[in-house]
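Remarks on the overall topology
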Amino acid sequence: MNNVGQLRDSVSGLLQGLDLNNVSSLYKALERAARVLVQKVSVPEASDTEAITIYNGVYDYPAPVKIFGGALIDFRPQGNSRNQLDYVYKQPIELFDRIKALLPNGFGLTFEWDKGVPIVRIASPKPTAKASLDTMNDDNGWTAAGSASGLAEDETVYYESPASLRFTLTGSSVGTLTKAINSIDIDSYENVCKGFLAIRTPSITNLTSIAVRVGSSTSAYDEVSATSGFLGAWVINDWLLVAFDFADAVSTGTPDWNAIDYVQVRITHSGTITNFRVGGLWLSLPYPCELLYQTAAIFLRSGALSKTITNDDDEIVLNDAAYLLYEYECAVTIAEQGSGGNLDGVALGYKNKLKNELYPVYEANNPSGQIREIGNYYD
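Attention in this report is confined to the structure presented alongside it. (Residues numbered from 1 in each chain as written. Predicted model: local features only at pLDDT ≥ 70, side-chain atom pairs only at ≥ 80, totals over all residues. Heavy atoms only, no water.)

1. Observations concerning the overall build of the chain
Secondary structure summary: the chain contains 5 helices and 23 strands in total. At 27 Å, the chain has a C-alpha radius of gyration far larger than the 21 Å of a compact globule built from 379 residues. The principal-axis extents of the C-alpha atoms in the chain amount to approximately 80 × 50 × 40 Å. The buried share among the 379 residues of the chain stands at 49%. Put simply, 74% of the contacts in the chain that link residues at least 6 apart link residues at least 24 apart. A total of about 17,500 Å² of accessible surface is found on the chain, and carbon and sulfur atoms cover 47% of it. When the 28 positive and 44 negative side-chain charges of the chain are each reduced to one mean point, those points stand 5 Å apart. (Helix = DSSP H or I, 4+ residues; strand = E, 2+ residues; numbered from the N terminus. Rg over C-alpha atoms; globule rule 2.2 N^0.38 Å. Buried < 20%, exposed > 50% of the residue type's maximum accessible area, 1.4 Å probe, protein only. Contact = heavy atoms within 4.5 Å. Areas by Shrake-Rupley, 256 points an atom, 1.4 Å probe, with all protein chains shown as cover. Lys, Arg positive; Asp, Glu negative; His and termini not counted. Charge placed at Lys NZ, Arg CZ, Asp CG, Glu CD.)

Structure below.
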């Protein structure tokens, strides 16, 4: 592989011996040229993978921070378990949300950004069906205690139709919701599953932590606590899932997962929270998968791909064909960045060469492997 130092020598030659030491923010220019390259063509070497474990009933997952836009190449199940019906469908956001529960096979994906943070939404019938502890849309059987009071059904604001449970947490203490559920045998979930609780809070300042107890009696249960949502920090006045990893559960007594019939939600808070809501509690088994995506992280340092350059020894993972394109894109970028107009003609000539000669040949020999959206505006 070539490194950044070798790239500098090559680009200097393309720019009539320009001393690149005099180029302002040179590394930033080279990084920008990398983004231009992967914007124009699908470069197999400029791809990376990320392990994503999916769960039944959960649709939103953190997307790789290095993904270039929503450039999805593949989403595949663990190991050698893929069959001929495991298609990957990339869909517009609205279409995905309407049909996410109707996918017949494979995986449906779409991408969203929340305050600049990438989120990949995934739907699939592949994971084992979730074990629902309670839908939490009926207050029958639930008891509020501790600092929790005023438990009521809310048919206006809910996670799943027709209602959620709404209550108030007073002062600085721990509020609990407890229920004796119909006994279920979920022995295969013990020490493996994740629990998920849907919450909506009007205050994140006063919300400290949430714990869930699952057991076979009030004296035999496993407990897991969380201090943030599944996707990150608490959010105000929006539904979010809180995940509880029962592989890290603390046991009291000897809970019998062949006969689970006791659940309790414990909310620790530092101030009063009025109209706190919960909207569903379930357990799901993990289903490991892998996301393959395109990235502008073409620089290799310490064995890891990076979108940024640290020094001239950083390697560039491109093969010869893509590297040739990149050399010319770097020359164009630097020429356009500022040379007092002296290199305008050179930049224009290289642009035409890329457009009319180099890119058509590369695209013919390296067809894109990116999965495009189906049913979008441009169709």
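2. Quick notes on the pairing of strand S16 (residues 240-245)
Among the 6 residues of S16, 5 are classified as buried, and the element is accordingly described as predominantly covered. One ladder, built from 6 bridges, connects strand S13 (residues 194-200) with S16; its direction is antiparallel. What sits directly across from Leu197, in S16, is Val242. (Pairing = 2+ DSSP bridges.)

3. Structural notes on the pattern of salt bridges
Pairing is possible between side chains of opposite charge, provided their charged atoms come close. Considering all chains together, one arrives at 20 salt bridges under this definition. Of the charged contacts in the structure, one is a salt bridge between Lys66 and Asp48, with a shortest N-O distance of 2.9 Å. One end of the pair, Lys66, is in the loop between strand S3 (60-62) and strand S4 (67-77); the other, Asp48, is in strand S2 (residues 47-54), with 18 residues separating them in the sequence. With a relative accessible area of 18%, Asp48 lands in the buried category. The partner of Arg166 in a salt bridge is Asp154, and the shortest N-O contact between them spans 2.9 Å. With Arg166 in strand S11 (residues 164-169) and Asp154 in strand S10 (residues 148-154), this pair connects stretches of sequence that are 12 residues apart. (Salt bridge = Lys/Arg side-chain N within 4 Å of Asp/Glu carboxyl O.)

4. Quick word on the sheet that holds strand S6 (residues 107-114)
Spatial strand order, S3-S7-S6-S5: 4 strands in an open sheet with mixed pairing. Each edge of the sheet is formed by a strand with only one pairing partner; in this case those strands are S3 and strand S5 (88-90). With direction set aside, neighbouring strand axes in the sheet form an average angle of 35°. (Axes fitted to C-alpha atoms, helices over the stretch in contact; angles between N-to-C directions.)

5. Some remarks on the packing of helix H1 (residues 4-14) against helix H4 (residues 320-337)
Between H1 and H4, the least distance of the axes is 9 Å, while the angle of their chain directions is 60°. As the angle between them shows, H1 and H4 are arranged oblique. Classified by chirality, the crossing of H4 by H1 is right-handed. In this structure, H1 uses Gln6, Leu7, Ser10, Val11 and Leu14 to contact H4, whose residues at the interface are Tyr323, Tyr326, Glu327, Tyr328, Cys330, Ala331 and Ile334. Residue composition of the contact of H1 with H4, grouped by class: 9 nonpolar, 2 polar and 1 charged. (Parallel < 35°, antiparallel > 145°, perpendicular 65-115°, else oblique. Left-handed = near helix turned anticlockwise from the far one by under 90°. Nonpolar A, V, L, I, M, F, W, Y, C, P; charged D, E, K, R; others polar.)

6. Describing the sheet that holds S4
The antiparallel open sheet is built from 3 strands, whose spatial order is S2-S20-S4. Two strands lie at the open edges of the sheet, namely S2 and S4, each paired on one side alone. Taking the axes of each pair of neighbouring strands and ignoring which way they run, one obtains an average angle of 30° across the sheet. By the bridge criterion, 8 bridges tie S2 to strand S20 (residues 287-295) in an arrangement that is antiparallel. For Ala51, the partnering residue across the bridge sits in S20 and is Glu290.

7. Section: the pairing of strand S14 (residues 207-217)
Counting buried positions over the 11 residues of S14 gives 8, a clear majority of the element. Across 8 bridges, S14 lies against strand S18 (residues 260-269) in antiparallel orientation. Its bridge partner being in S18, Val214 is matched across the sheet by Val263. Bridge analysis of S14 against strand S15 (residues 220-226) gives 7 bridges, and the strand direction is antiparallel. Within S15, the position partnered with Val214 by the bridge is Asp222.

8. Describing helix H2 (residues 26-40)
Here H2 is 15 residues long and its end C-alpha atoms lie 21 Å apart, about the 21 Å a rise of 1.5 Å per residue gives. Turning to H2, its buried residues are Leu26, Ala29, Leu30, Glu31, Ala33, Ala34, Leu37 and Val38. Taken together, the buried residues of H2 touch H1, S4, S20, strand S21 (299-301), H4 and helix H5 (344-365). (Expected span 1.5 Å × (residues − 1).)

9. As for the state of the cysteines
Within the structure shown, the criterion is met by 0 disulfides. The thiol sulfur of Cys289 is not disulfide-bonded, and the nearest other cysteine sulfur, from Cys193, lies at 18 Å. (Disulfide = S-S within 2.5 Å.)

10. Observations concerning the packing of aromatic side chains
Under the counting rule described, the total for this entry stands at 13 aromatic pairs. Ring geometry for Phe196 versus Phe230: centroids 5.5 Å apart, planes at 90°, classification edge-to-face. Of this pair, Phe196 sits in strand S13 while Phe230 sits in the loop between S15 and S16; the two residues are 34 residues apart in sequence, bridging distant segments of the chain. The pair Phe196 / Phe230 is uniform in exposure class, with both members buried. Here the aromatic cluster, defined as three or more aromatic residues joined through ring pairs, consists of Tyr55, Tyr61, Phe196, Phe230 and Trp282. Across the ring face of Tyr59, the terminal group of Lys100 is positioned such that the distance to the ring centre comes to 5.5 Å. Looking at Lys130, its charged tip hangs above the ring of Trp282, at a distance of 4.3 Å from the centre. (Phe/Tyr/Trp six-rings, centres within 6.5 Å; stacked < 30°, edge-to-face > 60°. Lys NZ or Arg CZ within 6 Å of the ring centre and 35° of its normal.)

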